[in-house]
Amino acid sequence: MQGGKPTTDDATAIRQVVETWMAASRKGDLETVLGLMTDDVVFMVPGKEPFGKEAFTAASRKMGEMKIDGESEIVELNLLGDWAYIRNRIDMTARPPGGEPVRRSGYTLTLLRKENDGRWRLARDANLLAATG
């Protein structure tokens, strides 16, 4: 690492976390998504108190058969030892069964932590996505 820039291996691993998260979300694979976050993860979204893994899991299960699709672009990635942050631009669509699709887009600021097993996992996430026309 030099000047906060990630090594090629770290950058690749972090990008893989994002790609795996997006692919698992498309498939409705909650267990894979949960494996990509730390046990003490904290999510922040507008209008709600910060919440952790248990609340994320419950909300995800409530979504039932909703189909999620989207794209994510990492616009900034920096490494700070065993921590890294990414700024993402996300465009996503949620399609409830028999309902109208809801499109959301915007940015997230995500902190990832390299765990004892050497894997990068999402530890903190500030999601600023907003509904779009």
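If you're wondering where the values come from, they're calculated on a predicted model, not measured in any experiment. (Residues numbered from 1 in each chain as written. Predicted model: local features only at pLDDT ≥ 70, side-chain atom pairs only at ≥ 80, totals over all residues. Heavy atoms only, no water.)

### Considering the packing of aromatic side chains
Filter applied, for reference: In this scheme Phe, Tyr and Trp rings, the latter by its six-membered ring, pair at centre separations within 6.5 Å, and the angle between planes marks the pair as stacked below 30 degrees, edge-to-face above 60, and tilted otherwise. Only protein chains enter the calculation, and the probe is 1.4 Å; a residue is then buried if its accessible area is under 20% of its type maximum, exposed if over 50%, and partly exposed in between. Going along the chain from the N terminus, every DSSP run of H or I of four or more residues is numbered as a helix, and every run of E of two or more is numbered as a strand.
Summed over all chains, the structure comprises three aromatic pairs. Seen in terms of ring centroids, Phe 43 and Phe 51 are 5.5 Å apart; in terms of plane orientation they differ by 20°. Their pairing is stacked. Residue classification places Phe 43 among the buried residues on the basis of a relative accessible area of 5%. Overall, the relative accessible area of 21% leaves Phe 51 in the partly exposed class. Measuring from ring centre to ring centre gives 4.9 Å for Phe 43 and Phe 56, while their planes differ by 20°; the resulting arrangement is stacked. Of this pair, Phe 43 sits in strand β1 (residues 37-44) while Phe 56 sits in helix α3 (residues 53-62), and the two are 13 residues apart along the sequence. The residues Phe 43 and Phe 56 share a single accessibility class, namely buried. Among the aromatic residues, those joined into a cluster by ring pairs are Trp 21, Phe 43, Phe 51 and Phe 56.

### Here's the deal with the pairing of strand β4 (residues 102-114)
Keep this limit in mind: By this definition, two strands are paired if DSSP reports at least two bridges between them.
Examined bridge by bridge, strand β3 (residues 83-95) and β4 share 12 bridges and lie antiparallel to one another. Bridge pairing in β4 links Arg 87 to Leu 109. Counted between consecutive antiparallel strands, the loop separating β3 from β4 contains six residues, among which Gly 98 sits at a positive phi close to 70°. Pairing between β4 and strand β5 (residues 120-127): seven bridges, direction antiparallel. Bridged to Leu 112 within β5 is Leu 122.

### Here we look at the environment of Asp 9
Note that Asp 9 resides in helix α1 (residues 8-27). On the accessibility criterion, Asp 9 (64% relative accessible area) is exposed.

### Looking at the nonpolar core
What tends to happen in soluble globular proteins is that the nonpolar side chains get buried as a cluster. For clarity, the threshold we go by: Only buried Ala, Val, Leu, Ile, Met, Phe, Trp, Tyr and Cys residues count toward a nonpolar core, and they belong to the same one when joined by side-chain atoms within 4.5 Å. The contact definition used throughout considers only heavy atoms, calling two residues in contact when any of these lie within 4.5 Å.
In terms of nonpolar packing, the biggest core is built from 22 residues, with Ile 14, Trp 21, Met 37, Phe 43, Phe 56, Ile 86 and Trp 120 touching the most fellow members. Elements with a contribution of two residues or more to this core: α1, α2 (30-35), β1, β2 (67-80), β3 and β5. Looking at this core, the element that brings in the most residues is α1, giving six residues. Setting aside residues no more than four positions away along its own chain, Phe 43 makes contact with Trp 21, Met 37, Pro 50, Phe 51, Gly 52, Phe 56, Leu 122 and Asp 125.

### Some words on the side chain of Asp 125
By the secondary structure assignment, Asp 125 is in strand β5. Each residue touching Asp 125, except ones within four places of it in the same chain, is listed here: Val 42, Phe 43, Met 44, Thr 108, Leu 109 and Thr 110.

### Here we look at the pattern of salt bridges
For clarity, the cut-off: The salt bridge criterion pairs a side-chain nitrogen of Lys or Arg with a carboxyl oxygen of Asp or Glu, the two atoms within 4 Å.
Using the criterion set out here, one finds 10 salt bridges in the structure. We note a salt bridge from Asp 91 to Arg 103, for which the minimum N-O separation is 3.4 Å. Linking Asp 91 in strand β3 with Arg 103 in strand β4, this pair joins segments that are 12 residues apart in sequence. Overall, Arg 103 belongs to the partly exposed group, its relative accessible area being 39%. Among the ionic contacts, a cluster of salt bridges with common partners joins Asp 40, Arg 113 and Glu 115.

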